[in-house]
Amino acid sequence: QHLDRARALIRATRGRATQPRLRVLAALLCSDQALGHADLRQRLPDVDRVSRYRSLEWLLEHGLAFRFDDAGHPRYGASHQEHDHRTRTSIARRAGMTTCLSHVATPVVQLPTGCRTTDVEMPIKGLCRSCTSR
């Protein structure tokens, strides 16, 4: 199911649906949290490191994945057309869970004349419900 969806998303970009791209995107699609390099290595042990990195870069360039930094460690997730996860991401520190905050409005920032926004990243870090009940 996730491989079929990954294939359709990649083909919609008119890009080649290579096995590493398909497998990396499918892993991101089936995860309920953003994944780091170690997570992808564990989930895709037969996809070599270079292919994983190149696939992630291609998926980022084509808007099929998003990336954010968690204390200097990159984490990746599948982008969805409904909204942009990069601007509304929350991390529960203890549980390591990543949650999309689609109900939170992205703040509008006035840039100097002649400048334009190309990317917005605003992680909100804290503790989830299960972390605070411990």
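In this text the structure is predicted, and so the values were computed from the model without any measurement.

Thresholds, definitions, all that
Residues numbered from 1 in each chain as written. Predicted model: local features only at pLDDT ≥ 70, side-chain atom pairs only at ≥ 80, totals over all residues. Heavy atoms only, no water. Helix = DSSP H or I, 4+ residues; strand = E, 2+ residues; numbered from the N terminus. Buried < 20%, exposed > 50% of the residue type's maximum accessible area, 1.4 Å probe, protein only. Contact = heavy atoms within 4.5 Å. Areas by Shrake-Rupley, 256 points an atom, 1.4 Å probe, with all protein chains shown as cover. Pairing = 2+ DSSP bridges. Salt bridge = Lys/Arg side-chain N within 4 Å of Asp/Glu carboxyl O. Phe/Tyr/Trp six-rings, centres within 6.5 Å; stacked < 30°, edge-to-face > 60°. Lys NZ or Arg CZ within 6 Å of the ring centre and 35° of its normal. Expected span 1.5 Å × (residues − 1). Arc of directions from axis to C-beta. Polar contact = N/O pair within 3.5 Å; in protein donor to acceptor, adjacent residues only side chain to side chain. Axes fitted to C-alpha atoms, helices over the stretch in contact; angles between N-to-C directions. Parallel < 35°, antiparallel > 145°, perpendicular 65-115°, else oblique.

(A) Layout of the overall build of the protein. When helices and strands are tallied, the protein shows five helices and six strands. Reading the protein from its N terminus to its C terminus gives the helix and strand order α-α-β-α-α-β-β-β-β-β-α. Of all 134 residues assigned to the protein, the portion counted as buried reaches 32%. The contacts in the protein between residues at least 6 apart in sequence include a share of 48% that link residues at least 24 apart. About 8,600 Å² of surface is accessible on the protein, with carbon and sulfur atoms providing 48% of the total.

(B) Just the pairing of strand E2 (residues 65–70), in detail. Pairing analysis gives six bridges linking E2 to strand E3 (residues 73–78), with the strands arranged antiparallel. Bridge assignment links Asp70 to a residue of E3, and that residue is His73.

(C) Local environment of the pattern of salt bridges. Evaluated as defined, the whole model comprises three salt bridges. Between Arg7 and Asp4 there is a salt bridge whose closest N-O contact spans 3.5 Å. Of the two residues, Arg7 and Asp4 both sit in helix H1 (residues 2–12), three residues apart, roughly one turn of that helix. Accessibility expressed as a relative area gives 26% for Arg7, which makes it partly exposed. What makes Asp4 exposed here is its relative accessible area of 51%.

(D) Structural context of the packing of aromatic side chains. One pass over the structure, following the stated rule, counts zero aromatic pairs. One residue, Arg21, lies across the ring of Trp58, its end atom 4.0 Å from the ring centre.

(E) Up close: helix H4 (residues 49–61). Over its 13 residues, H4 extends 18 Å from the first C-alpha to the last, a length consistent with the 18 Å expected when each residue adds 1.5 Å. Of all the residues in H4, the buried ones are Arg52, Ser55, Leu56, Trp58 and Leu59. Each buried residue of H4 sits inside an arc of 165 degrees when the element is viewed along its axis, so together they form one side. What points out from H4, more than 90 degrees from its buried face, is the exposed set Arg49, Arg54 and Glu61. Among the structural elements, H1, helix H2 (19–30), helix H3 (37–43), E2 and E3 are those in contact with the buried residues of H4. Residue Asp48 occupies the N-cap position of H4, its side-chain oxygen lying 3.2 Å from the main-chain nitrogen of Val50. Phi turns positive, to about 75 degrees, at Gly63, one or two residues after H4.

(F) Region of interest: the packing of H2 against H4. Orientation of H2 relative to H4, taken along the N-to-C sense of each, is 70 degrees, at an axis distance of 9 Å. Between H2 and H4, the angle is such that the two are roughly perpendicular. Two secondary-structure elements touch here, H2 through Pro20, Arg21, Val24, Leu25 and Leu28 and H4 through Ser51, Arg52, Ser55, Leu56, Trp58 and Leu59.

(G) Representation of unusual backbone geometry within the structure. With phi around 70 degrees, Arg14 is a residue other than glycine that occupies positive phi space. Within the secondary structure, Arg14 is located in the loop between H1 and H2. By relative accessible area, Arg14 is classed as exposed at 81%.

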